[in-house]
Amino acid sequence: MTTPNQRFSDAERRGLYRAIHERRDVRSQFLPDRIPADVLTRLLEAAHHAPSVGFMQPWDFIVIESRDVREAVLAMFEQENQKAAERFEGERQTHYRSLKLQGIMESPLNLCITCDRSRGGPHVLGRNSIVDTDLFSTCLAVQNLWLAARAEGIGVGWVSILDQAQLSVALNLPEHVYPLAYLCLGYVSEFLEQPELEAKGWRSRLPLSELVHGDKWGQPRGSGG
Ligand SMILES: Cc1cc2c(cc1C)N(C[C@H](O)[C@H](O)[C@H](O)COP(=O)(O)O)c1[nH]c(=O)[nH]c(=O)c1N2
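Cut-offs used in this document
Residues numbered from 1 in each chain as written. Predicted model: local features only at pLDDT ≥ 70, side-chain atom pairs only at ≥ 80, totals over all residues. Helix = DSSP H or I, 4+ residues; strand = E, 2+ residues; numbered from the N terminus. Buried ≥ 20, exposed ≤ 12 C-beta atoms within 10 Å, placed from the backbone. Contact = placed C-beta atoms within 7 Å. pLDDT = per-residue confidence, 0-100. Near = placed C-beta within 6 Å. Nonpolar A, V, L, I, M, F, W, Y, C, P; charged D, E, K, R; others polar. Axes fitted to C-alpha atoms, helices over the stretch in contact; angles between N-to-C directions. Parallel < 35°, antiparallel > 145°, perpendicular 65-115°, else oblique. Pairing = 2+ DSSP bridges.

Focus on the overall build of the protein chain
A tally of helices and strands in the protein chain yields seven helices and four strands. Along the protein chain, helices and strands appear, N-terminal first, in the series α-α-β-α-α-β-α-β-α-β-α. Each of the three principal axes of the protein chain carries a C-alpha extent, and together these read 55 × 45 × 40 Å. Taken over 225 residues, the protein chain has a buried fraction of 24%. Partitioning the contacts of the protein chain with sequence separation of at least 6, the portion at a separation of at least 24 is 83%.

Here you go:
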C-alpha cells in the first residue's frame, strides 16, 4: 500500500504524462540561448537517476560546446547521411533527402552519453546472461534526460546517422567506452504537436491495439483458457 504522501498529486501525474506525450525529437526549432549551468545539472541528474543493471551506472556525459568538435561531427553526419539516402529509391529517396535529421550546429549544446562497458568489473549483478543490459541502462538515462528536458522547455534531438568508430576517435573515447547517444540540446521556438516524421508523411504512429498481444505473439488478449 502506498501511503498518501508517496502518491503523486493529480497535477504531478498530469505533468508526467504531459512530458511523455509532448516530448519531441527536435532538429529545426533550436534557439541559440545558452542552457544555464543549474538547468543542465538538473538534466544530467535526471539522467543519472535512471535505472541500471546491477546499479552499474555505466554512463558518462561528454558536454560538447566547441564549434570544432561539432563541425567534425556534422561532417561525419553528412557522409553517413549521403550513404543512408542511397538506400532509398525514387520518390522515397527525394523525400528522405528533404528531411532535416540533425541540429548539430544550431543547438547551443551537444551531449554524448556514453556507456562504459567495463564499469563495475567483470561480473555485474544481472548482466551475466544478457550482456547488452549496460547499453539498455544507458538508453534509459537518455530517456530520463529527454523527458526532464521537455519539462524544462528544452528540446533534444538524437543523431544516430554517425559512424561510431569515427565518433569515438573525435571524442577521444577509450576502447571500452561506447558512444551510445549523440544529442543536440537547446531551448526551442516550439515543440511540434506530432513527431516531425509523421507531420512530413514519412511514417505514422501505429495503433496501440495492433501491438498488444495476449499470452503469446499474435494472440488477442483474453483468448486464453
Ligand atoms: C535511437 C534513436 C536514434 C534516432 C532517433 C531516435 C532514437 C530513439 N531519432 C528521433 C526519431 O526519429 C523520433 O524519435 C521519432 O521520429 C518519433 O518522433 P518524436 O521523438 O516523438 O518527436 C532521430 N532523428 C533524427 O532526425 N536523426 C537521427 O539520427 C535520429 N536517430
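So that's the structure; there's more coming.
Here we look at the environment of Asp215
Secondary-structure assignment places Asp215 in the segment after helix 7 (196–199). With 12 C-beta atoms counted inside 10 Å, the residue Asp215 sits in the exposed group. On a C-alpha basis, the gap between Asp215 and Ala72 in space is 49 Å, while along the polypeptide they are 143 residues apart.

What about the confidence of the model for the protein chain?
Chain-level pLDDT for the protein chain is 96 on average; 97% of the residues reach the 70-or-more range. Interface confidence for the predicted complex, given as ipTM, is 0.99, next to a pTM of 0.96.

Remarks on the site of the ligand
The environment of the ligand is made up of Arg24, Asp25, Arg27, Leu101, Gln102, Trp158, Val159, Ser160, Ile161, Pro195 and Leu197. Tallied by class, residues from the shell around the ligand come to six nonpolar, two polar and three charged.

Examining the packing of helix 1 (residues 10–22) against helix 5 (residues 133–151)
Closest axis-to-axis distance for the helix 1/helix 5 pair is 9 Å, and the angle between their directions is 105°. One element, helix 1, and the other, helix 5, form an angle in the roughly perpendicular class. Each of Ala19, Ile20 and Glu22 in helix 1 lies in contact with helix 5, whose residues at this interface are Leu147, Arg150 and Ala151. For the contact of helix 1 with helix 5, a count of residues per class yields four nonpolar, no polar and two charged.

Concerning unusual backbone geometry
For Phe55, which is not a glycine, the phi torsion comes out positive at approximately 55°. Tracing the backbone through its elements, the reader meets Phe55 in the loop between helix 2 (37–48) and strand 1 (59–64). Residue Gln57 is not a glycine yet carries a positive backbone phi of 50°. Assignment of secondary structure puts Gln57 in the loop between helix 2 and strand 1. With 19 C-beta atoms packed within 10 Å, Gln57 lands in the partly exposed category.

Considering the pairing of strand 4 (residues 177–187)
Within strand 4, nine of the 11 residues are buried, which leaves the element mostly enclosed by the surrounding structure. Across eight bridges, strand 2 (residues 109–116) lies against strand 4 in antiparallel orientation. The residue of strand 4 that forms the bridge with Leu111 is Leu183. Pairing geometry for strand 3 (residues 154–159) and strand 4, over six bridges, is antiparallel. Paired with Gly157 across the bridge in strand 4 is Cys184.

Comments concerning the environment of Ile104
Of note, Ile104 is situated in the loop between helix 4 (90–98) and strand 2. Since 23 C-beta atoms lie within 10 Å of it, Ile104 is described here as buried. Put simply, Ile104 and Gly121 are 17 residues apart on the chain and 34 Å apart in space, counted from C-alpha to C-alpha. Setting aside residues no more than four positions away along its own chain, Ile104 makes contact with Arg70, Val73, Leu74, Phe77, Asn110, Val159 and Cys184.

Quick look at the environment of Leu74
By secondary structure assignment, the location of Leu74 is in helix 3 (residues 67–86). The spacing of Leu74 and Ile104 is 30 residues in sequence and 6.4 Å in space, taken between C-alpha atoms. In this view, Leu74 contacts Ile104 and Met105; residues no more than four positions away in its chain are not counted.

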